[in-house]
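# Reading the structure
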Amino acid sequence: MKNTVKDKEQNQKVTHESAQAHVTGTAEFIDDRALLSDEVFVDVYYSPVAHAKIRNIDFAAALKVDGVLAIYQAKDLQVNIWGTIIHDQPHLADQLVQYVGEPILVIATNKREALLVAKREIKVEYDELEATLSITEARKKKLFIGPLRKIQTGDPESVLAKAPHCIKGVIKMQGQDHFYLESQACIAYPKEDGQIEIHSSSQHPSEVQHLVAEALGLRLHQVVCIVKRMGGAFGGKESQAGPFAVYASLVAKKLNRPARLILTKDDDMHITGKRNPFENEYEVGFDDSGKILAVKFEFYADGGAYADLSTAIMERAMLHSDNAYFIPNFSISGQVCKTNTASNTAFRGFGGPQGMITIENIIEEMAIYLKKDAFDIRQINAYKQGEKTHYGQEIKDGVLPELFKKIRLSSEYNLRRKEINEYNVSSPTHIRGLACTAIKFGISFTTRFLNQANALVNVYPDGSIQVSTGATEMGQGVLTKIAQVVAECFSIDIKAVRVMPTSTEKNANTSATAASSGSDLNGRAAEAACEAIKARLSQVALQVLNRPSELRGRKVAGSGTAPEIIIDESLSSQVIFKNGEVIDPQTNQKISFVDLLQEAYLNRVSLTGYGFYRYPGIYYNKETGRGEPFFYFTNGVAVSEVSLDRYTGEVKVLRSDILMDLGRPQNKGIDLGQVTGAFVQGMGWLTTERLFYNEKGVLKTYSPSTYKIPSVHDIPRIFNIDFIENTKNSHNLKGSKASGEPPLMLAISIWAAIKNAMAYKTKTIPKLIVPASQEAVLMGLFK
Ligand code: LUZ
Ligand code: MOS
């Protein structure tokens, strides 16, 4: 494997702030927190049936198990209903269970071993109801969540009717488990006067605070949620960390003892939701050259048993169904379906993958139909500067044509296509395929109010700095990027900056660290906090530097004989912060950063700053399907080559080349990590990760023995990742672009390459689902 990033800049040398702690095992996760002497262990008992009325709950025997302290149920909560968008989900089911894995009881014990024994002693009687286990069944029964959404532009009906060529079809995709290494985890500590302090593995401490307060009948100021780091999250802890914090807090409050809930992997996979499966119907009209004239989409998502974030996920899917291609006549409808499976939720890409793959699949099919190279069709249709999406947002950073052009050359696409054509007629055992796909991923929460962040910066008189924001660290490196922002603002060594654990008492009313926006929003808020401090320090510097030397220095300032420093809060910084010094550009007089901090402190000037930021100018009308929902787009392209075994369907990824526009990356090393990880994670969804449910709706692939995430052996044999130079980008944080989710969808190139390979054998359009598992490929080849 070869990772290439042509860059020698300083920022690449800043390593992840926890790199050493991660590899040496000293990084603290929730379950690494020291046990307190009176701490108790918490677990949940969940439904073994997919859909049933609860006739009776009997936990008398379980209460007698040695070590069991208490068992709680729905009626022990003040408020038993939650939901990020629609309040429809009980924390604990009491009348009705709607999926296998739905929590019913909370068990507290004074030893871990007792949890399992107690669970076995619980007897719940169910009157089973008919379960709905697929999108098809839900559509038949009209079981829907949220309204039918529509976006339309142009006149797709009449253009489709007249189009020279038409293809109709449906693409079906299954879900994906987040497979974070740290399962859902939480410890709740009861504090004086009914307060609760929660340490949660959550992307959204503010929502945890809300849910716990509401469920326990507390006010928000009685609950603090702290997140130091997560062992991965990927969207699975955007909303779904909440109920587990409620269970632990319920026990902590009732028993007045610290309560620890750490799910096992198996239970986590049963209880928590996944990436939404989708079934998307499509109709496309195009001309001889491969120009897309019109599309008509009907998207259906499997929301699972409750709404969770599925309606927002459907919205993002609809807003990404154009992906990188301009389509003048466009109609799309989207409906979330209700089934008796775990409530599906955010997962890196958040509907983007399901939208994008639909149009990428169409282009592969058009190429097979027209006997053309799909790369040419993509280039013909790629968005150009100034064109508008189907929801009316203008493309202002039209880099897609350049990306396509560059990767065709750097990946040696034309040469390899020729080689593959020859290989596929000569090899009796294997078939190869090659495909290039693109991404245009909108950066912003599509729900506008979520696009806000705040930051607290404490500067200490020794020149060291603590910064706190609402951003949570899930391994992605957001804390490192924020530390860089602060170090750059004051022009000091990054070692002097420490980013503190995320806590709702320092940063209130925050959004989830999600939508790839963590560094953008919180980095900008941190920048604003630094600017506020710099503005004050600037006035201190100018006033002190203009004093005679006998009126400067620690002694004078501290003694109270120096003149009072006047601070005008409306002024911004007039001085230059450079390499640990502060310079007055008018006079070239200097003072060291640390000396200036001493002066400021002793002259009674605050060294603390608070900053706030929101993406400017975004809006979206869900009813009309019009607006500018995204602050900007992150773009990229990827070319992947795969080899299929003609007789077993086994897929190997021979080579992937990725080219992205990340503006001026904040930290190329970290971004490279994000691109690599996201791509491989996307590859897992598209190839090997298969969620298999039996006919009763029980997930049978609930552990790594049966659920196959990619291993090091599966990654592309040759793996080239590169970024284009984009120095024009200026509107986002330091000219950077978000990198968290977008590259996941570049893995669609692997799926498209598989389809391309299959077409060499089938000659007509092969049908392929997501994931393109070995079975799916084999069946597709021999159909
Ligand atoms: N979460 C959310 C997200 O609430 N809204 C979004 O638009 C979004 N996008 C990506 C990931 N999480
Ligand atoms: Mo997310 S899918 O929590 O950005």
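Just so we're clear, the structure is a prediction, and the values are computed from it rather than from any experiment. (Residues numbered from 1 in each chain as written. Chains lettered and ligands numbered in written order. Predicted model: local features only at pLDDT ≥ 70, side-chain atom pairs only at ≥ 80, totals over all residues. Heavy atoms only, no water.)

Before going further, it helps to spend a moment on the pattern of salt bridges. Scanning the model with the defined rule gives 45 salt bridges in all. The closest approach of N and O atoms between Lys 237 and Glu 182, which form a salt bridge, is 3.7 Å. Remark: Glu 182 occurs in the loop between β10 (165-173) and β11 (185-190) and Lys 237 occurs in the loop between β13 (223-227) and α7 (242-255); sequence separation between them is 55 residues. Of the two residues, Lys 237 and Glu 182, both sit in the buried class. The salt bridge partner of Glu 365 is Lys 767, with a shortest N-O separation of 3.6 Å. Of this pair, Glu 365 sits in helix α10 (residues 352-370) while Lys 767 sits in the loop between α19 (748-762) and α20 (774-782), and the two are 402 residues apart along the sequence. On the basis of relative accessibility, which here comes to 1%, the residue Glu 365 falls in the buried class. (Salt bridge = Lys/Arg side-chain N within 4 Å of Asp/Glu carboxyl O. Helix = DSSP H or I, 4+ residues; strand = E, 2+ residues; numbered from the N terminus. Buried < 20%, exposed > 50% of the residue type's maximum accessible area, 1.4 Å probe, protein only.)

The next point concerns the site of ligand 1. All residues in the neighbourhood of ligand 1 are listed as Glu 238, Arg 316, Phe 350, Phe 445, Thr 446, Leu 450, Ala 514, Ala 515 and Glu 741. Interatomic distance of 3.0 Å between a side-chain N/O atom of Arg 316 and a nitrogen atom of ligand 1. Interatomic distance of 3.5 Å between a backbone N/O atom of Ala 515 and a nitrogen atom of ligand 1. Relative to its free-state accessible area of 290 Å², ligand 1 is covered by the protein chains to the extent of 96%. Its residues placed into classes, the shell around ligand 1 shows 5 nonpolar, 1 polar and 3 charged. (Near = heavy atom within 4 Å. Polar contact = N/O pair within 3.5 Å; in protein donor to acceptor, adjacent residues only side chain to side chain. Areas by Shrake-Rupley, 256 points an atom, 1.4 Å probe, with all protein chains shown as cover. Nonpolar A, V, L, I, M, F, W, Y, C, P; charged D, E, K, R; others polar.)

Relative to the assigned elements, His 91 resides in the loop between β5 (89-90) and β6 (96-97). Once you skip the residues sitting within four places of it in the chain, His 91 turns out to touch Leu 77, Val 79, Asn 80, Ile 81, Trp 82, Pro 103, Ala 215, Pro 243, Val 246 and Tyr 247. (Contact = heavy atoms within 4.5 Å.)

One turn of an α-helix holds 3.6 residues; hence residues three or four places apart share an orientation. Within α20 the residues assigned to the buried category are Ala 776, Val 777, Gly 780 and Leu 781. In a view along the axis of α20, the buried residues occupy a sector of 130°, so they form one face of it. Away from the buried face of α20 by more than 90 degrees, exposed residues Glu 775 and Met 779 are located. (Arc of directions from axis to C-beta.)

Moving on: the sheet that holds strand β18 (residues 430-443). In space, the 4 strands of this open sheet follow the order β18-β29-β30-β31, with mixed pairing throughout. Here the strands that pair on one side only, and so sit at the sheet edges, are β18 and β31 (718-723). With strand direction ignored, the average angle separating the axes of adjacent strands in the sheet is 15°. Direction of pairing for strand β30 (residues 651-661) relative to β31: parallel, over a ladder of 6 bridges. (Pairing = 2+ DSSP bridges. Axes fitted to C-alpha atoms, helices over the stretch in contact; angles between N-to-C directions.)

Take it as geometry only, folks, not as evidence of what the structure does.
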